[in-house]
Amino acid sequence: MSLSRRQVTSAAVASLPLAFAATGAAHAGGRRHRTLHIAGDSTAAQKYADAAPETGWGTALPFLLHRHLGVANHAVNGRSSKSFVDEGRLGPILDAIRPGDLLLVQFAHNDEKTADPTRYTEPWTTYQEYLRRYLDGARARGARPVLATAVERRRFDADGRALPSHGEYPAAMRALARRERVPLLDVQALSLALWQELGAEETKKYFNWTASEQDNTHFNPPGAIAVARLVARELLRTRVLAPRDVRRLDAEIPPAWITWPEPVVQDPWTT
């Protein structure tokens, strides 16, 4: 996922989850609101003004959840299930997570990079082993882990068929979810079906296609909202969330609601 203009800030990434999750830690009448924590890569991550209009689906998710459920988006550009852990990024999430919270984990885009040993994992061995660290860490703190297969890229064959791009990783995650009895959001299958429904030309309106960039991996605001809607519906379908937790599942969400804060300090890692 190495595309230009995409350098996120270590300082901002480290501080934003706590700032944005403040509502998740709020008290109303002595009752703590729950927080949904996201661990993932650039397809979910908060983007900054220098990357606009690129948008991660995690930025749009709060518009589909009621305010009593906060969202702490810890997803970071360029990370795999392995590098996220090896860089020490899982630890602060587990330090902040509380009983009753949710930890939603989506990785695969960068796990696939066989030429990069700092990020590559093998689907049926190291990928599953690293994912278990997220599951075990959340469970040990009384939180509920949730796995989400990686959202699909925009990829079509000459006959207009939407093509999968994540190899064995979705199957490996599905198998792990069954074995560990963890809720699975099958975002890969649902997004592939959505891209097929929209078609090769229409999907350009959902990805980060600009005058200077033709990005078939990352989303613009309409695309981020569409994928966040898939995630919210899956959270409801799997009964991770109740109907009282979600909103606007079928309502229009104006792309103008998406904002991009200014970056602080550039992170040397790219997607």
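Below, the structure is looked at part by part. (Residues numbered from 1 in each chain as written. Predicted model: local features only at pLDDT ≥ 70, side-chain atom pairs only at ≥ 80, totals over all residues. Heavy atoms only, no water.)

1. Some thoughts on the pattern of salt bridges
- If you walk through the whole model with that rule in mind, you get 16 salt bridges.
- Three or more residues joined by partner-sharing salt bridges are found here, namely R79, E87 and R89. (Salt bridge = Lys/Arg side-chain N within 4 Å of Asp/Glu carboxyl O.)

2. Observations regarding the packing of aromatic side chains
- In total, this model carries nine aromatic pairs according to the counting rule given.
- Geometrically, the ring pair formed by F107 and Y134 is tilted, given 5.6 Å between the ring centres and 45 degrees between the ring planes. Residue F107 is located in the loop between β6 (102-106) and α5 (123-140), and its partner Y134 is located in helix α5; the two are separated by 27 residues in the primary sequence.
- Look at F107 and you get buried, because its relative accessible area is 0%. (Phe/Tyr/Trp six-rings, centres within 6.5 Å; stacked < 30°, edge-to-face > 60°. Helix = DSSP H or I, 4+ residues; strand = E, 2+ residues; numbered from the N terminus. Buried < 20%, exposed > 50% of the residue type's maximum accessible area, 1.4 Å probe, protein only.)

3. Some points on the sheet that holds strand β5 (residues 69-73)
- The strand order β5-β4-β6-β7-β8 describes an open sheet built from five strands, whose pairing is parallel. Both outer strands of the open sheet, β5 and β8 (184-185), are each paired with one neighbouring strand and no more.
- Pairing between strand β7 (residues 144-148) and β8: two bridges, direction parallel. In the strand pairing of β8, L147 is matched with L184.
- Most of the contacts of α5 go to β7, to which it runs at about 155 degrees, and overall it touches β4 (34-40), β6 and β7. (Pairing = 2+ DSSP bridges. Contact = heavy atoms within 4.5 Å. Axes fitted to C-alpha atoms, helices over the stretch in contact; angles between N-to-C directions.)

4. Quick notes on the packing of helix α7 (residues 187-202) against helix α8 (residues 221-237)
- Where α7 meets α8, the closest approach of the two axes is 10 Å, and the angle between their N-to-C directions is 135 degrees. In this view, α7 runs oblique relative to α8, as classed from their interaxial angle. Judged by the sense of rotation from one axis to the other, the crossing of α7 with α8 is right-handed. From α7, V187, L190, S191, L194 and W195 reach across to α8, where they touch A226, V227, L230, V231 and E234.
- Split into classes, the residues belonging to the contact of α7 with α8 amount to eight nonpolar, one polar and one charged. (Parallel < 35°, antiparallel > 145°, perpendicular 65-115°, else oblique. Left-handed = near helix turned anticlockwise from the far one by under 90°. Nonpolar A, V, L, I, M, F, W, Y, C, P; charged D, E, K, R; others polar.)

5. Some words on the side chain of K113
- Summarising the element assignment, K113 is placed in the loop between β6 and α5.
- D116 provides the closest opposite charge to the buried, unpaired K113, separated from it by 6.6 Å.
- Polar side-chain contacts of K113 include one of 3.1 Å to the side chain of N110. (Lys, Arg positive; Asp, Glu negative; His and termini not counted. Polar contact = N/O pair within 3.5 Å; in protein donor to acceptor, adjacent residues only side chain to side chain.)

6. What about the side chain of R153?
- The topology assignment puts R153 in the loop between β7 and α6 (169-180).
- The buried category is assigned to R153, whose relative accessible area is 17%.

7. A few points about the nonpolar core
- Judged by nonpolar contacts, the single largest core of 42 residues is most densely connected at W57, L61 and L235.
- Those elements that provide at least two residues to this core are β4, α2 (57-60), β5, β6, β7, α7 and α8.
- Looking at this core, the element that brings in the most residues is α8, giving nine residues.
- Non-local contacts of W57, meaning those with residues more than four positions away in its chain, are made with I38, T43, A44, L104, Q106, F219, A224, V227, A228 and V231.
- By size, the runner-up hydrophobic cluster in this structure holds 28 residues, among which are L94, A108, A172 and L176. (Core = buried A, V, L, I, M, F, W, Y, C linked by side-chain atoms within 4.5 Å.)

8. Focus: the pairing of β4
- The buried fraction of β4 amounts to six of the seven residues, a majority that puts the element mostly inside the structure.
- Summarising the sheet, β4 and β5 pair through five bridges and their orientation is parallel. The residue bridging H37 from the neighbouring strand is A72, located in β5.
- As judged from the five bridges shared by β4 and β6, these two strands associate in the parallel manner. Residue H37 lies in a different strand from β6, and its bridge partner there is L103.

9. Some remarks on the packing of α5 against α6
- Axis separation between α5 and α6 bottoms out at 10 Å; the angle between their running directions is 45 degrees. In terms of orientation, α5 and α6 fall into the oblique class. Here α5 and α6 pass one another in a crossing that is right-handed. Here P123, W124, Y127, Q128, L131, R132, L135 and R139 of α5 come into contact with α6, specifically with Y169, A171, A172, M173, A175, L176, R179 and E180.

10. Description of unusual backbone geometry
- Here the amide bond leading from A52 into P53 is cis, since omega sits at 10 degrees, within 30 degrees of zero.
- Within the element layout of this structure, P53 appears in the loop between β4 and α2.
- The phi angle at R239 is positive, at roughly 65 degrees, despite the residue not being glycine.
- Within the element layout of this structure, R239 appears in the loop between α8 and β11 (266-270).

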